[in-house]
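Residue strings, one per chain:
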Amino acid sequence: MIDRRDNSADHRLQELESKMLCLEKKLDQLTSTADGIFEIIEHARGFFAVLGMVGNVLKWFAGIVVVVAAAFAVWTGKNGN
């Protein structure tokens, strides 16, 4: 009777150890997936920062073009009609 309990306990311990190893593998996979997602988010942040800078440059460039075009229109005497 005692041997059966020992075998049963050993068997249960082996099952728990194998489940724990399986969970550790899955956790490692999820960790690597999460790391990949965080890396993509960091790249996206950098992309949008650069895109914001380009937008600011274009905004200032468009403002300068409008001022130059208005000055040219005034200089040549055209009022848009």
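Everything below is about the structure printed above this text.
Criteria and cut-off values
- Residues numbered from 1 in each chain as written.
- Predicted model: local features only at pLDDT ≥ 70, side-chain atom pairs only at ≥ 80, totals over all residues.
- Heavy atoms only, no water.
- Salt bridge = Lys/Arg side-chain N within 4 Å of Asp/Glu carboxyl O.
- Helix = DSSP H or I, 4+ residues; strand = E, 2+ residues; numbered from the N terminus.
- Buried < 20%, exposed > 50% of the residue type's maximum accessible area, 1.4 Å probe, protein only.

Trainee: So, the pattern of salt bridges: which residues are in play, and what are the values?
Mentor: Counted according to the given criterion, the structure contains two salt bridges. When the shortest N-O distance is used, the salt bridge between Glu 15 and Arg 12 registers 3.2 Å. Separated by three residues within a single helix, Glu 15 and Arg 12 lie in helix α1 (residues 2-76), roughly one turn from each other. Arg 12 sits in the partly exposed class, given a relative accessible area of 42%. Across the salt bridge formed by Glu 42 and Arg 45, the nearest N and O atoms sit 3.1 Å from each other. Of this pair, Glu 42 and Arg 45 both sit in helix α1, three residues apart, which is roughly one turn of the helix. Of the residues examined, Glu 42 reaches a relative accessible area of 48% and is grouped as partly exposed.

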